[in-house]
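Observations on the three-dimensional arrangement
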Amino acid sequence: MKALKLISLPILCILLFSCNKTEEVYEDLGNYPNVKAAFGTKIDLDNLIDYAGQTVPTYITKDNTTLGNSITNKGATLGRVLFYDKNLSFNNSTSCSSCHQQANSFGDVAVASIGANGTTARHSMRLVNTRFASEFKFFWDERASSLEIQSTMPIKNHDEMGYSGLNGDASFSDLITKLSSIGYYKELFKFVYGTEEITEGKIQSALAQFVKSIQSFDSKYDAGRSQVTSDSATFPNFTNEENEGKNLFLTNTVFDNTGNRISGGLGCAQCHKVPEFDISIISHNNGVIGTINDNGIDLTITRAPTLRNLVKPNGNLNGPMMHTGGFTTLEQVLGHYGNIIVAPGNTNLDQKLNPTGAGQQLHLTTTEINSVVAFIKTLSGSEVYTDIKWSNPFLN
């Protein structure tokens, strides 16, 4: 096929547009014209970005790719396109990246993100390091049993992307028909799967691979952890305040029989396990049971994102916190945990926050609060905000 490069242009045009040989010739010549038109040099299918071979620290033990659907360079490349493509919403207004923005550690600064049909029901969870989770279920209420299943549920939600198939909405099969008519998807799906056929399973696999690839291990915490044998050791690169905050985070609390802290640390690591800082799989709700629309209480929230990259390297938050978006400073979060009030009707409060049947009272000092805040800020890296592998691939 390399000889085709020597054929005159008119004859080559005949070869390209007859006998159903178009895709075969494109593949042999490495052209992928529709991909190049949409993405330019941002995606080069002949020289793929390395998603599968990223370095993970040896002290990180969790990896939910062990459940299947391991990251591949081809799959994550397709997933990146799908993640940023507004064609996945019924009116071409919204993509996954509309609510999960690279500039905000793949979260949102809005209290409730805006979808294709209006405001969504909860604050958008940050997606960084979802691969390194103890909990394999997703969404705040864990209603998705895997990241793969989760990946297309927003697409099929009326408010978020509008392909619900209910009450006049277009269906997911309509989306597949739509994507099947787009030139770069013809080329990409054949490149990844060997056929142009698009299915929900293929979309789920590719989206999940891209999201699993989004990782952050270049923080001050990681630089310190790599120099010691355990998290309890003094980190040589930390200030005294940061080390003290780490100790408070790691050390369990000692309570009296009425839930008052009498000694020990804050016990944060009981729920936010180090070194991944993901939520413990056995956690119940944390006492925040409100809803964004104030239409009752929500006892189902037991999932949380990693505490890594809660803030940017400059110290600014990556958006409000909790599923309600109701906390706008780390000090407010610590204040909540420092004085747990068991709300009427909250039958699902985590027992770790309710020692001896009374909401915990940590009696935090200003020094302790400042130390824990300083430690949490050490969990933020910088590459996740700038690395092109996770950036918008579209030219416009």
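Here's a quick rundown of the structure. Just so you know, the residues in each chain are numbered from 1, in the order the chain's sequence is written. Reporting of local features is limited, given that this is a predicted model, to residues whose pLDDT is at least 70; pairs of side-chain atoms are given and counted only at 80 or more, and all residues count toward the totals for whole chains, interfaces and linings. Where side-chain values are given, they derive from all heavy atoms of the structure, hydrogens and water being excluded.

Digging into the side chain of His100
Relative to the elements of secondary structure, His100 occurs in the loop between α5 (96-99) and β1 (114-115). Each polar contact in these results corresponds to two N or O atoms within 3.5 Å; when the atoms are within protein, one needs to be able to donate a hydrogen and the other to accept it, and residues that are neighboring in sequence are counted only if both atoms are side-chain atoms. Within the local environment of His100, its side chain forms a polar contact with the backbone oxygen of Phe106, the two atoms lying 3.2 Å apart. Other than its neighbours up to four places away in sequence, His100 contacts Phe83, Phe106, Gly107, Ser124, Met125 and Leu127. Going along the chain from the N terminus, every DSSP run of H or I of four or more residues is numbered as a helix, and every run of E of two or more is numbered as a strand. Throughout, a contact is declared for two residues whenever any of their heavy atoms are within 4.5 Å.

Points about the packing of aromatic side chains
Here a pair means two rings of Phe, Tyr or Trp (six-membered ring of Trp) with centres within 6.5 Å. Their orientation is stacked below 30 degrees between planes, edge-to-face above 60, and tilted elsewhere. Evaluated as defined, the whole model comprises 20 aromatic pairs. Ring plane angle 70° and centroid distance 6.4 Å describe the contact between Tyr51 and Phe210, whose orientation is recorded as edge-to-face. Of the two residues, Tyr51 is situated in the loop between α3 (33-39) and α4 (73-84) and Phe210 in helix α9 (residues 200-213); the sequence distance between them amounts to 159 residues. Here Phe210 falls in the buried class, since its relative accessible area comes to 0%. Arranged with centres 5.0 Å apart and planes meeting at 75°, the rings of Phe132 and Phe217 form a pair that is edge-to-face. Within this pair, whereas Phe132 is found in the loop between β2 (118-119) and α6 (147-152), its partner Phe217 is found in the loop between α9 and α10 (220-225), the two being separated by 85 residues in sequence. There is no split in this pair, since Phe132 and Phe217 are both buried. The rule for a charge over a ring is simple: NZ of Lys or CZ of Arg within 6 Å of the ring centre, and within 35 degrees of the ring normal. Above the face of the Phe172 ring, Lys156 is positioned so that its terminal group lies 5.6 Å from the ring centre. A cation over an aromatic ring shows up here: Lys389 above the ring of Trp390, its NZ or CZ 5.0 Å from the ring centre. Note on exposure labels: buried denotes an accessible area under 20% of the residue type's maximum, exposed denotes more than 50%, and partly exposed covers the range between, all computed with a 1.4 Å probe on protein chains only.

Focus: the pattern of salt bridges
Salt bridge, as applied in this entry: a Lys or Arg side-chain nitrogen positioned within 4 Å of an Asp or Glu carboxyl oxygen. Taken as a whole, this structure holds 14 salt bridges when the rule is applied. Lys212 is paired through a salt bridge with Glu148; the nearest N and O atoms lie 2.9 Å apart. Pair noted here: Lys212 is in helix α9 and Glu148 is in helix α6, with a separation of 64 residues, a long-range link. One exposure class covers both Lys212 and Glu148, and it is buried. Lys220 is the partner of Glu242 in a salt bridge, and the nearest nitrogen-oxygen pair spans 2.9 Å.

Quick look at the nonpolar core
Counting 49 residues, the largest nonpolar core has Phe39, Leu82, Phe83, Leu179, Tyr184, Tyr185 and Leu188 as its most contacted members. Counting only elements with at least two residues in this core, the list comes to α3, α4, α7 (172-180), α8 (183-193) and α9. Apart from the residues within four sequence positions on either side, Leu82 is in contact with Leu88, Leu179, Tyr185, Ile203, Ala206 and Leu207. Nonpolar cores are built from buried Ala, Val, Leu, Ile, Met, Phe, Trp, Tyr and Cys residues. Side-chain atoms within 4.5 Å join them into one set. Among the nonpolar cores identified, the runner-up in size contains 26 residues, and Cys268, Leu310, Phe327 and Leu379 belong to it.

Section: α4
The length a helix should cover is 1.5 Å for every residue beyond the first. Between its terminal C-alpha atoms α4 stretches 17 Å, which fits the 16 Å expected from 12 residues at 1.5 Å a residue. Burial analysis of α4 places 10 of its 12 residues in the buried class, which makes it a mostly covered element. For α4, the complete set of buried residues consists of Gly75, Ala76, Thr77, Leu78, Gly79, Arg80, Val81, Leu82, Phe83 and Tyr84.

Notes on the side chain of Asp108
Tracing the backbone shows Asp108 in the loop between α5 and β1. Although Asp108 is buried, it forms no salt bridge, and the closest oppositely charged side chain is Lys312 at an N-O distance of 9.8 Å. A polar side-chain atom of Asp108 sits 2.5 Å from a polar atom in the side chain of Ser113. Leaving out residues up to four positions away in the same chain, Asp108 has contacts with Ser98, Cys99, Gln101, Ser113, His123, Ser124, Asn318, Gly319 and Pro320. None of His or the chain ends enter the tally, which takes Lys and Arg as positive and Asp and Glu as negative.

Don't take any of this as a statement about function, it's just geometry.
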